[in-house]
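Each chain, written out:
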Amino acid sequence: MKKILSFIKNNKVFLLLILIAVPFRLYHLTYPILDSFNFRQAQTATFTLNFYKHGINLFQTELDIFGIGRQKYLTLEFPIYEAMVSILYKLFFVSDIWGRIVSIIAGFISAWYLYEIVKLLIKNKKIAIYSVFFFLFAPLNMFYQRAFMIEPTIIALLLAGTFYYLIWVDYQDRKSYFLALVLLTIGFMHKGLYGPFWLLPMAVYYIKKKSIKQIYSFKFLSIIFLPLILLFLWQHHVNNVNLYAGNVFFTFSNPGQIEWNFGFLADRFSWSDWSFRLHQVLNGIFLKPGLLFFILGLFAIKKIDKSNFFLFWMISQLIYFVTLFRIQQQNYYQTIMIPAFSVIMAIGLNYIIDGLNRMILKKVINKSFSSYASKFFIVLLLSILICKSWINTLPSFYIDWEWYQRLLTVKRVLPINAYGILVTPGVDWNSVYTYIPDRKMLQTSIENITQENLLKWKSLGYSFLILHEHDKYQDYFAKELKVPVSNYQKLLNDYKKVLDMQEFKVYFLSQ
């Protein structure tokens, strides 16, 4: 009990920030996952649900939008997050809230390790607290740290692994070395686009602390290369699984996948692309005051001991941003940059507060009240930032309830434990269309509705067909395919129509 009370006393401001953050994280906790980037959330939730239904297999995941053949196996990231959530399904009940709760807890764990990293290196508790504030209340984190997504868990793993790595470098602690090795390896494998960029500040810190000659140390080489080797082996496994399933696009060597992640050199010279992404970063990470703090932080950081780690951490994230430029259009890829930027902003804010204390407060106000005035100013400023951040976050929570009701209507008319065909104008493998109705479906485009294919699908066990956005078929044929509209409707007249509504028509293929 004494240890708990001592912990609370020594970290009361940190715990206060967590308490303030909790209500924001619980907002819309029980709502369907149809808000921002619902396609990515539904994809993760589908992997999780299939773990619950068919057993946890960390080396193979199923996506319902690809049907019931071997193409249903789509493996992307190492599914630690999905496995954890599916265990909660088994222990309690199936609900999207467990995916959100895991993300919320991971976000708070991340905040703790960021707090510990800053205290360890800078040895300034105020900067550590400010860092946690900017991390917890960045608009992107106010949404994605309660979303059904893997990013908060990955960041928690990387921050925890980095903290134990720094402890090992400073004190040669064996336990910390083991924890760093395990956590960093899992963090790297969980999503290979993130972790490798963190090696730059880690290597710089080691060389600065030790010497350039000691980079040949077995332990150092192991902690740097083992996560990379296992990441490479994991990616090799992913390529094999997806090649077997026929999902060739999702192999790392596929030109389309490379373009999706990295884009082209010309993208880096497009002002419209830069404008869009910088606007995302400004409104999702910094806010305008935060940008000012960041700039001042870059100026003030030179005066701080062990600042090289944070400078190179920030540089590594800038390299990440420019390297994976194309995919940054999806703003959740920017959440990985928030920890490093939060520390720089915290240093800038601390620089301003210290300056005000020295130049104004102690001169204008009685010294006995200067401390209270300073605290009042900080609380007021941070409260305003929370309000502005929340205003920026609110649009991400938007849900189209009419769309949701249409999806539920589709679910109600579908046979239980049946498989279907989802027909769209072009390719659209949004897992929302299978996750909400809770059915496996094979997505295909409208031009593939032929008598031959209908008979084939029936023989494979598909018993219903859904026409999605059927009002767009005519334009799709005219603009995209530049051919006359096919006779799909004539073919479907032979099948029973059980639903005809805006956006959806449902047919039973089995009589």
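Rules behind the numbers
Residues numbered from 1 in each chain as written. Predicted model: local features only at pLDDT ≥ 70, side-chain atom pairs only at ≥ 80, totals over all residues. Heavy atoms only, no water. Helix = DSSP H or I, 4+ residues; strand = E, 2+ residues; numbered from the N terminus. Pairing = 2+ DSSP bridges. Axes fitted to C-alpha atoms, helices over the stretch in contact; angles between N-to-C directions. Core = buried A, V, L, I, M, F, W, Y, C linked by side-chain atoms within 4.5 Å. Buried < 20%, exposed > 50% of the residue type's maximum accessible area, 1.4 Å probe, protein only. Contact = heavy atoms within 4.5 Å. Polar contact = N/O pair within 3.5 Å; in protein donor to acceptor, adjacent residues only side chain to side chain. Phe/Tyr/Trp six-rings, centres within 6.5 Å; stacked < 30°, edge-to-face > 60°. Patch = residues over 30% accessible without salt bridge, like charges linked within 9 Å, V, L, I, M, F, W, Y side chains within 5 Å. Areas by Shrake-Rupley, 256 points an atom, 1.4 Å probe, with all protein chains shown as cover. Salt bridge = Lys/Arg side-chain N within 4 Å of Asp/Glu carboxyl O. Parallel < 35°, antiparallel > 145°, perpendicular 65-115°, else oblique. Left-handed = near helix turned anticlockwise from the far one by under 90°.

### What to know about unusual backbone geometry
Here the phi dihedral of glutamate 469 falls at roughly 55 degrees; this positive angle occurs in a residue that is not glycine. Take glutamate 469: it is sitting in the loop between strand S3 (462-468) and helix H20 (473-481). The phi dihedral of glutamate 503 is positive, around 85 degrees, even though this residue is not glycine. As for its placement among the helices and strands, glutamate 503 is situated in the loop between strand S4 (496-501) and strand S5 (504-508).

### As for the sheet that holds S3
Strand order in this open sheet of five strands is S2-S1-S3-S5-S4, and the pairing throughout is mixed. Single-partner strands in this sheet number two, and they are strand S2 (440-445) and S4. Taken over all neighbouring pairs, the strand axes of this sheet differ in orientation by 20 degrees on average, direction set aside. Here strand S1 (residues 419-424) pairs with S2 via six bridges, running parallel. Opposite valine 423, over in S2, you have threonine 444 as the bridge partner.

### Some words on the nonpolar core
Counting 143 residues, the largest nonpolar core has Phe134, Leu136, Phe137, Tyr165, Phe310, Trp313 and Ile466 as the members making the most contacts within it. Among the elements that take part in this core, helix H5 (residues 96-122) stands out by supplying 14 residues, more than any other. Every residue in contact with phenylalanine 310, bar those within four places of it in the chain, is listed here: Ile117, Val118, Leu121, Ile122, Ile301, Val343 and Ile344. By size, the runner-up hydrophobic cluster in this structure holds 19 residues, among which are Ile446, Ile449, Trp457 and Leu465.

### Digging into the pairing of S2
In terms of burial, S2 is largely enclosed, as six of its six residues are buried. The alternating pattern of S2 places Lys440, Leu442 and Thr444 on one face and Met441, Gln443 and Ser445 on the opposite face, and all of these are buried.

### Remarks on the side chain of arginine 439
With respect to the element layout, arginine 439 can be found in the loop between helix H18 (432-435) and S2. A distance of 2.9 Å separates a polar atom in the side chain of arginine 439 from the backbone oxygen of proline 437. Each residue touching arginine 439, except ones within four places of it in the same chain, is listed here: Asp64, Lys411, Leu414, Pro415, Ile416, Asn417, Ala418, Thr434 and Phe464.

### Looking at the packing of aromatic side chains
The description of an aromatic ring pair uses the distance of the two centres, along with the angle that the planes make with each other. According to the stated counting rule, one finds 59 aromatic pairs in the structure shown. Geometrically, the ring pair formed by phenylalanine 143 and phenylalanine 397 is edge-to-face, given 5.2 Å between the ring centres and 70 degrees between the ring planes. Highlighted residues: phenylalanine 143 in helix H7 (residues 139-144) and phenylalanine 397 in the loop between helix H16 (367-393) and helix H17 (401-413), separated in sequence by 254 residues. For phenylalanine 143, a relative accessible area of 1% gives the class buried.

### A closer look at the pairing of S1
In terms of burial, S1 is a largely internal element, five of the six residues being buried. Here S1 runs beside S3; their pairing, made up of five bridges, is parallel. The partner of valine 423 across the bridge, within S3, is leucine 467.

### Points about a nonpolar patch on the surface
Together, Met1, Ile4, Leu5, Phe7 and Ile8 make up an exposed nonpolar region whose accessible area comes to about 520 Å². Take isoleucine 4: it is sitting in helix H1 (residues 2-10).

### Comments concerning the packing of helix H9 (residues 174-190) against helix H11 (residues 218-245)
Where H9 contacts H11, the two axes come as close as 8 Å, and the packing angle between them is 25 degrees. Looking at the two axes, H9 sits roughly parallel to H11. In the crossing of H9 with H11, the sense of the turn from one axis to the other is right-handed. Along its contact with H9, which presents Arg174, Tyr177, Ala180, Leu181, Leu184, Thr185, Phe188 and Met189, the element H11 presents Lys219, Ser222, Ile223, Leu226, Pro227, Leu228, Leu230, Leu231 and Trp234.

### Thoughts on the side chain of asparagine 331
In this fold, asparagine 331 is placed in the loop between helix H14 (307-323) and helix H15 (338-364). Owing to a relative accessible area of 17%, asparagine 331 belongs among the buried residues under this scheme. Not counting chain neighbours up to four residues away, the residues in contact with asparagine 331 comprise Phe37, Leu140, Tyr144 and Gln280.

### As for the environment of lysine 388
In this fold, lysine 388 is placed in helix H16. Overall, the relative accessible area of 39% leaves lysine 388 in the partly exposed class.

Purely geometric numbers; function is a separate question.
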